[in-house]
Amino acid sequence: MLVLLRLSLYVVLALHATVALAQPADTATQVVRGTVVDAITSTPIVGATVSVLKGGAVVRGAYTDARGAFAIRRVPLGRYTVRVTAVGREPYRADNVLVSAGKEVVLPITIEESFVAANAVVVTYDRSSDATITNSDMATVSARTFNVEDTKRYAGSLGDPSRMAQNFAGVVGANDSRNDIVVRGNSPAGMLWQMEGMNIPNPNHFGALATTGGPVSTLNNNLLAKSDFFTSAFPANYGNAVAGVFDLRMRNGNDQKLEYLAQIGFNGVELGVEGPLGGGASFLVNYRYSTLTVFSELGLDVGTGGAVPNYQDVNLRFNVPTSNEGVLTVFATGGKSDVAFLGNELDTTLANFYGDPDRNIRVDYLTGWAGIRYDHRLSENTAASITVGASGTMDRFFGDSLDVVTGVPYNDQDGLFSVQTLSSVGNIRHKFSNVTSLTTGYLVDVKSFGLRNRDNLGLPTEKINVDIDGTSTLTQVYSMLRHRLSEELTLVGGLRGQHSSLGNALAIEPRVGLTWLLGSGVSMSAGYGLHSQQQALVSYHVQTPVNGLPTFTNANLGFTRSHHTVVGFDVLPTDAWRFRIEGYYQHLFDVPVTQSPSSYSALNAGTDFAPDFTDSLVNVGTGRNLGIEFTAEHFFRDGFYALATVSVFDSKYRGSDGIERNTAFNTNYVANLLVGKEVQLSESSVLALNIRLSTTGGRLLTPIDVEASALRREAVFDQDRAFSERQTPYFRTDVKLGYRVDLGGSTIEFSVDLQNVTNAQNVFLQRYQPRTNSIATEFQQGFFPVPTFRWTW
């Protein structure tokens, strides 16, 4: 990685030397343009006033035309506030809009009708000026938005939405080397990922079946638009999840001019292009290839021993207006990754070496999705959307044991999990009046799969964990009504149904949310939801030998179910500060546990690369999560931002032995502090400093039984004491330095993210070593500098 750092510095110095030859900064301008449409029906808003402001003063402005489009030309470079006002509409405000030389600013803006739809705008609270406003107008609690600027700005985020979300209240990173997230004490397996409203599989390289995380994301933050993140009691259009939701959107490409991107950093070497296709249509394509693979092929030491992670991905989007009332969108993402951990090549003197010195492990992983979405405005008050798509994953695994004396490998494990999904998603949105709207929709996912896994190959103890081909269908329907009872009070109610062909499970789930504006900048919110999630696909098909024949003892498993209750208060004393406190209680029931008494619970699964092959499960387990969260946030103003979050929580479960225990994720607390400052060095260059401090309670581990492990020559855990050994608290400091310069018609950005800058030793896990009959403690990521170079033109 130091090679990458030096290379990036040389490139930046060479390019910065051309600043004197660039277009004078005082003549450099850019275009700010976009569209303004109704938030529910996407009807164009004609005659809206769009203003670009600096320090409260209007710099330039424009009116929207018959298509709701606007264009503000010759805007000087810098950061601005964009404000939109229209008769009978709530005002819109977007702060810190960056106008740079390398890329036009294109803003898709949605605005709502004001409560009093008269000849003037009458509101007591400008919801759209809240920096945490979500795309979904049905969200009332435990929700916030993020955009590409957030993923780029926060220290330690690496341009990854999951890593960025670890800074939000109630969210904990499960592992430094992966981006799994623990939401309010829930397993990462309880997360739902959507892209453009379609359910998608694990969106990460080196992922695994039944997991939602991985070391590197296939999602490219350069292509993401404003997206939503939910941590509890989410609206009725989201289902099959008990923890949280990432509802992602991709932005449209520039429909008027070609633009290019080149970037090199932790996530890879990438190239991107976007531009017009004619008639208002646009395209957006980005390809990325593993940086470490490039350096390894050049013969350079990349600091990971022989385990070089190879990966590549492509993201694309096409947006084609079909008429004044319709838009056709095509989107796709595909990723391929592989890595080999060879035990004989490990340096076991390192505290955080990669792999197991007694095994070889080879992994290949494919993930991807594609969809076609058509949005059509049926009338001024009604709009509909339908999406058809496909997605899939392929996870191939080979494992070798190494002879303790000779080191000779012999293959004793293999696995292949292949899943393909055909999806259809649709909804219709109708606005009865300026205060009442209804959204009704459906989601259908049909899976075809092949699941195979064997252990102890060639030995008397050889075991087939799963060996099956099959299909399954998950059907979801929902309806949501939003009604503004008064200027101060908004009620959202919803009902959804969910059926899975696996286990023939059926669930009916009510959802309700309330927002009450108590005064200027002060609001209270409350929400409740019943949520259900089907089990991991492999769990239903685990084989148990009975009289020499395979038996599927988990075939009739039902949904894990969960009651979510949330109450919160928000205070916005100024347009720069926001304070929020939220308390929650979650009761989980019908959780899979073993038929015979044990400490096992499915609530603890989902953070490892290996699938869970526990058999003979029944839906009688329970769990609970309760906590309180505090957020203090200074929105990005005058080059400064700050975010402080503190969460105190308790996460417990009961297995079939009836004993209440800590879940694997019960760290009890998490606190984050982020601050950042941009300093204008000249009219065309900016220096940025971002700092992140994070601490959580210590990880909970299950102790290893050394004597039993010595007899079996593999780790044997004392399951009666599951998650009983708490390690020392986790602490990490990240510092990110950034530099941005506008050079004529292009923008160059360089940053270096100094992760774990104090090199704190945070415990990750304990591993049994049969060669020495001892327990080794492995630590999480040490000091790790991550440079990034980005050029747009």
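Residues numbered from 1 in each chain as written. Predicted model: local features only at pLDDT ≥ 70, side-chain atom pairs only at ≥ 80, totals over all residues. Heavy atoms only, no water.

1. Quick word on the overall build of the protein chain
Scanning the protein chain from terminus to terminus reveals 6 helices and 45 strands. Considered along the principal axes of its C-alpha atoms, the protein chain spans approximately 80 × 60 × 45 Å. Of the roughly 31,100 Å² of accessible surface on the protein chain, a fraction of 60% belongs to carbon and sulfur atoms. On the protein chain, the mean spot of the 62 positive side-chain charges and the mean spot of the 74 negative ones are 5 Å from each other. (Helix = DSSP H or I, 4+ residues; strand = E, 2+ residues; numbered from the N terminus. Areas by Shrake-Rupley, 256 points an atom, 1.4 Å probe, with all protein chains shown as cover. Lys, Arg positive; Asp, Glu negative; His and termini not counted. Charge placed at Lys NZ, Arg CZ, Asp CG, Glu CD.)

2. What about the pattern of salt bridges?
Applying the stated criterion across every chain, the model contains 51 salt bridges. A salt bridge links D650 to K652; the nearest nitrogen and oxygen atoms lie 3.6 Å apart. What makes K652 buried here is its relative accessible area of 17%. Linking R790 and E749 is a salt bridge whose minimum nitrogen-to-oxygen distance equals 2.6 Å. In this pair, R790 is assigned in strand β45 (residues 784-792) and E749 in strand β42 (residues 746-755), connecting sequence segments 41 residues apart. Judged by its relative accessible area of 16%, E749 falls in the buried class. Here the salt bridges share partners, and the residues they tie into one network are R184, D570, R578, R580, E582 and E629. (Salt bridge = Lys/Arg side-chain N within 4 Å of Asp/Glu carboxyl O. Buried < 20%, exposed > 50% of the residue type's maximum accessible area, 1.4 Å probe, protein only.)

3. Some details on the sheet that holds strand β2 (residues 49-54)
Strand order in the open sheet formed by 4 strands is β3-β2-β5-β6, and the pairing between neighbours is antiparallel. The open sheet has two edge strands with one neighbour each: β3 (57-63) and β6 (92-99). Each adjacent strand pair in this sheet contributes to an overall mean axis angle of 25 degrees, direction not counted. (Pairing = 2+ DSSP bridges. Axes fitted to C-alpha atoms, helices over the stretch in contact; angles between N-to-C directions.)

4. Some words on the packing of aromatic side chains
All chains considered together, the criterion is met by 13 aromatic pairs. Considering the side-chain rings of F206 and Y311, the 6.1 Å spacing of their centres and the 85 degrees angle between planes classify their relative orientation as edge-to-face. One end of the pair, F206, is in the loop between β13 (204-205) and β14 (216-217); the other, Y311, is in strand β20 (residues 310-321), with 105 residues separating them in the sequence. The structure contains a cluster of three or more aromatic residues connected by ring pairs, namely F146, F168, W193, F229 and F246. Geometry around Y80 places K54 over its ring, the cationic atom sitting 4.8 Å from the centre. Positioned over the ring face of F636 is R79, at 4.6 Å from the centre of the ring. (Phe/Tyr/Trp six-rings, centres within 6.5 Å; stacked < 30°, edge-to-face > 60°. Lys NZ or Arg CZ within 6 Å of the ring centre and 35° of its normal.)

5. Regarding unusual backbone geometry
With a phi angle near 55 degrees, L158 is a residue other than glycine that sits in the positive phi range. Within the fold, L158 resides in the loop between α2 (148-153) and α3 (161-165). With a phi close to 75 degrees, A210 is a non-glycine residue in the positive phi region. Of note, A210 is situated in the loop between β13 and β14.

6. Describing the pairing of strand β35 (residues 640-654)
As paired strands, strand β34 (residues 617-637) and β35 are joined by 14 bridges and run antiparallel to one another. For L626, the partnering residue across the bridge sits in β35 and is D650. Linking two consecutive strands that pair antiparallel, namely β34 and β35, is a turn of 2 residues; a positive phi of about 50 degrees is found at D638 within it. Where β35 lies against strand β37 (residues 669-680), 9 bridges are found, and the strand directions are antiparallel. By the bridge assignment, T645 is partnered in β37 with N672. Note: β35 against strand β36 (residues 660-662), 3 bridges, orientation antiparallel. Opposite Y653, over in β36, you have R661 as the bridge partner. Turn length for the β35-β36 hairpin, with the two strands adjacent in sequence and antiparallel, is 5 residues, and the turn residue G658 shows positive phi of about 80 degrees.

7. Structural notes on the nonpolar core
Counting 35 residues, the largest nonpolar core has M191, M195, F229 and F246 as its most contacted members. Those elements that place two or more of their residues in this core are α3, β10 (181-183), β11 (191-195), β16 (244-248), β26 (463-484) and β35. If you tally residues by element for this core, the top one is β11, at 3 residues. Once you skip the residues sitting within four places of it in the chain, M191 turns out to touch I181, V183, T212, F229, A241, A243, G244, V245 and F246. The next biggest cluster of nonpolar side chains, apart from the first, holds 25 residues, and it includes A48, A62, Y80 and L107. (Core = buried A, V, L, I, M, F, W, Y, C linked by side-chain atoms within 4.5 Å. Contact = heavy atoms within 4.5 Å.)

8. Description of the side chain of R661
In this fold, R661 is placed in strand β36. Judged by relative accessible area, R661 falls into the buried class, the value being 7%. Among the polar contacts listed, one links the side chain of R661 to the side chain of D657, at a separation of 2.9 Å. Engagement of the side chain of R661 in a polar contact is seen with the backbone oxygen of D720, the distance being 3.3 Å. Here R661 is in contact with S599, S651, K652, Y653, Q719, D720 and A722, once residues within four sequence places are set aside. (Polar contact = N/O pair within 3.5 Å; in protein donor to acceptor, adjacent residues only side chain to side chain.)

9. As for the side chain of T594
Counting through the fold element by element, T594 comes out in strand β33 (residues 577-594). A polar side-chain atom of T594 sits 2.7 Å from the main-chain carbonyl oxygen of S596. Ignoring anything within four residues of it in the chain, the contact list for T594 reads Y600, T614, D615, S616, L617, V618 and S656.

10. Regarding the pairing of β26
Bridge analysis of strand β25 (residues 436-455) against β26 gives 20 bridges, and the strand direction is antiparallel. What sits directly across from D455, in β26, is K463. Two elements, β26 and strand β27 (residues 489-500), share 11 bridges in a ladder whose sense is antiparallel. What sits directly across from L481, in β27, is G493.

11. Description of the sheet that holds β11
The strand order across the open sheet built from 5 strands is β8-β15-β16-β11-β12, with neighbouring strands paired in mixed fashion. The sheet terminates laterally at β8 (143-146) and β12 (198-199), the two strands that pair on one side only.

12. What about the confidence of the model for the protein chain?
Do not read the fine detail of predicted coordinates wherever pLDDT is low. For the protein chain, the mean per-residue pLDDT works out to 89, and 92% of the residues sit at or above 70. Across the protein chain, β12 holds the top mean pLDDT of 98, while helix α1 (residues 2-16) sits lowest at 45. In this model, residues 1-26 is a region of pLDDT below 50 whose contacts with residues beyond four sequence positions or in other chains number 40 contacts. (pLDDT = per-residue confidence, 0-100.)

13. Brief notes about the environment of R429
As for its position among the elements, R429 is in strand β24 (residues 409-431). We classify R429 as buried; its relative accessible area is 16%. Placed 191 residues apart in sequence, R429 and V620 show a C-alpha to C-alpha distance of 39 Å.

14. Some remarks on the environment of V46
Structurally, the position occupied by V46 is in the loop between β1 (29-38) and β2. V46 sits in the exposed class, given a relative accessible area of 56%. Through-space distance from the C-alpha of V46 to that of T35 is 9.9 Å; in sequence the pair is 11 residues apart.

15. So, the environment of S232
With respect to the helices and strands, S232 occurs in the loop between β15 (227-230) and β16. For S232, a relative accessible area of 4% translates into the label buried. Discounting residues that sit within four places of it in the chain, S232 has contacts with V141, S142, R184, A243, H564 and V566. Here H564 takes part through its side chain, which lies 3.0 Å from a polar atom of the side chain of S232.

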